[in-house]
Every structure is written in structure tokens, then in C-alpha cells.
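# Notes for the structure review
Spelled out from the first residue to the last, the chains are:
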Amino acid sequence: MLILASASPRRAELLHQLQVPFRQISVNLDESVKPAEEPMDYVVRLARAKAEAGWRQAGHVDPVLGSDTAVVCQNRILGKPVDKSDFQRMFALLSGAHHQVMTAVALRSDRGLQHRLVVTDVSFKVLSQAETDWYWQTGEPADKAGGYGIQGLAGRFVTRIQGSYSAVVGLPLYETAELLKEQNLL
Ligand SMILES: Cc1cn([C@H]2C[C@H](O)[C@@H](COP(=O)(O)OP(=O)(O)OP(=O)(O)O)O2)c(=O)[nH]c1=O
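Thresholds, definitions, all that
- Residues numbered from 1 in each chain as written.
- Predicted model: local features only at pLDDT ≥ 70, side-chain atom pairs only at ≥ 80, totals over all residues.
- Heavy atoms only, no water.
- UniProt positions renumbered as here; feature names shortened; annotations may be inferred.
- 1 Å grid on protein atoms, 1.4 Å probe; cavity = no way out; pocket = protein on both sides within 12 Å on 5 of 7 lines; lining within 4 Å.
- Buried < 20%, exposed > 50% of the residue type's maximum accessible area, 1.4 Å probe, protein only.
- Contact = heavy atoms within 4.5 Å.
- Helix = DSSP H or I, 4+ residues; strand = E, 2+ residues; numbered from the N terminus.
- Near = heavy atom within 4 Å.
- Polar contact = N/O pair within 3.5 Å; in protein donor to acceptor, adjacent residues only side chain to side chain.
- Areas by Shrake-Rupley, 256 points an atom, 1.4 Å probe, with all protein chains shown as cover.
- Nonpolar A, V, L, I, M, F, W, Y, C, P; charged D, E, K, R; others polar.

## Topic: the UniProt feature "site: Important for substrate specificity" (unreviewed entry) in the protein
- Under the present numbering, the feature "site: Important for substrate specificity" (unreviewed entry) in UniProt falls on Arg 10, Thr 69 and Gln 151. These residues run over 142 residues, yet every pair of their C-alpha atoms falls within 14.4 Å of each other. Looking only at the residues we just named, the largest pocket is lined by Arg 10, Thr 69 and Gln 151.
- The exposure class of Arg 10 is partly exposed, given its relative accessible area of 22%.
- Discounting chain neighbours no more than four positions away, the residues touching Arg 10 are Asp 143, Lys 144, Gln 151 and Val 169.
- With respect to the helices and strands, the residue Gln 151 is situated in the loop between α4 (129-137) and β7 (158-162).
- Discounting chain neighbours no more than four positions away, the residues touching Gln 151 are Arg 10, Lys 144, Tyr 165 and Val 169.

Pasting the structure below:
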């Protein structure tokens, strides 16, 4: 059975949309960015590392999917906010501007390791201090790259998206289906 190497309930929910049976495991990785590493290279490296770690952890038998998402503003990666002031710094960058959400998905099986990278452009309205404060106290930003969830309460801040909605949430469905089809898993 296919394995999703992710602790994220959002990724599991998205993968259900492909109607492929799978089980979920979580893998622990060092997610730090290497010096001078490009954001695209970073998300691809992590998605591949998650798939590879899952493959090893589950005994090199079942195919394993791994994915990674980064919010990138002015070529800087905005990770998960560590506290309120970190979140406020991120939202000041996102306010009234556009940024990229980069998601890579990787599939590891006995046929090797393949990946796809999806870059989506997202625009935010100009955010007031009251909106930023309100959003922080909802608790939603804490576990999310860039401090927001487009599928949740932050959907109201998004004025435009060009690319893949499912990739922004955490798993690009079209590209994941392509990877699975290539290996006759879908
Ligand atoms: C931008 C954005 C991010 N996110 C989430 C998706 C990811 O779960 C998270 C990005 O962090 P990731 O490190 O990619 O994933 P994760 O730590 O949640 O899960 P795992 O490593 O176990 O697979 O942010 C949203 O849910 N909505 C959004 O709009």
C-alpha cells in the first residue's frame, strides 16, 4: 500500500481526493536551509528527503510520497512563525504584495526517486494591524508555512492566485497523480 510520509492532516485529506489507498507515517528530518540554498532547491531537497526517509523507515517495500511547502517572499523563505512578532514580520511582508508558494512532491519506490515542483503566485490584500492581530489570535498561523492557511480563515486575504490551489495547501494533486500514474499506482 502507498505510504504518505507526512504528519500533516491537510496532505492526507488532499491525497484522499485521488482515491488511492494509503497509510501515513511521519518522518523526522533536519529542515534547516543550507547556506545560499535557493528556495526551489530547498523544497525539492526536502520533499525527496522525506520520501527517501519514509522508504527506509518502512523497509524498502511500499512506495512512499513526501512533500514540502515553502512560502517565498522576495526570494526569502518564510517558515512556520516561531512567535507573534515573527508572524507580524511575515504578514508585513505579505501585506498588499504577491509571493510564491513552492511545493515539491516526491515519490520513492523500487523504480527510484522522482519529483515534481510547483510554484504558485499568491497575492494578498493590504492588511490592517487589526486583521493581523485577529488572525494571530485564531491560532491558525502557528503550524503553517508563511503563517497562513489559504484553505482556512486566511482565504479572505487572498486577492489572486495563479497556479495550483492544492499545492498551496500542501500537495499538488495534478502532479501527484502524474507521478503515481507513471508507476502504475493510479
Ligand atoms: C501556504 C500554506 C501552507 N500550509 C501548510 C501546508 C503544510 O502542512 C505546512 C508547510 O509545512 P511543511 O514543512 O511543508 O509540512 P508539515 O511540517 O506540515 O508536514 P510534514 O513535513 O509532516 O509533511 O503549511 C497550509 O496549510 N495552507 C497554506 O495556505
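Here the narrative resumes, following the displayed structure.
## Describing the site of the ligand
- Taken together, the neighbourhood of the ligand is formed by 19 residues, with Ser 6, Ala 7, Arg 11, Lys 50 and Lys 80 sitting nearest.
- Ala 7 is positioned such that a nitrogen or oxygen atom in its backbone is 2.7 Å from an oxygen atom of the ligand.
- Contact between the ligand and Ala 145: an oxygen atom at 3.1 Å from a main-chain N or O atom of the residue.
- Coverage of the ligand by the protein chains reaches 92% of its 600 Å² of free accessible surface.
- Secondary structure elements with two or more residues in the shell around the ligand: α1 (9-16), β3 (64-73) and α5 (165-169).
- The greatest single-element share of the shell around the ligand, amounting to 3 residues, is contributed by β3.
- Tallied by class, the residues present in the shell around the ligand amount to 7 nonpolar, 5 polar and 7 charged.

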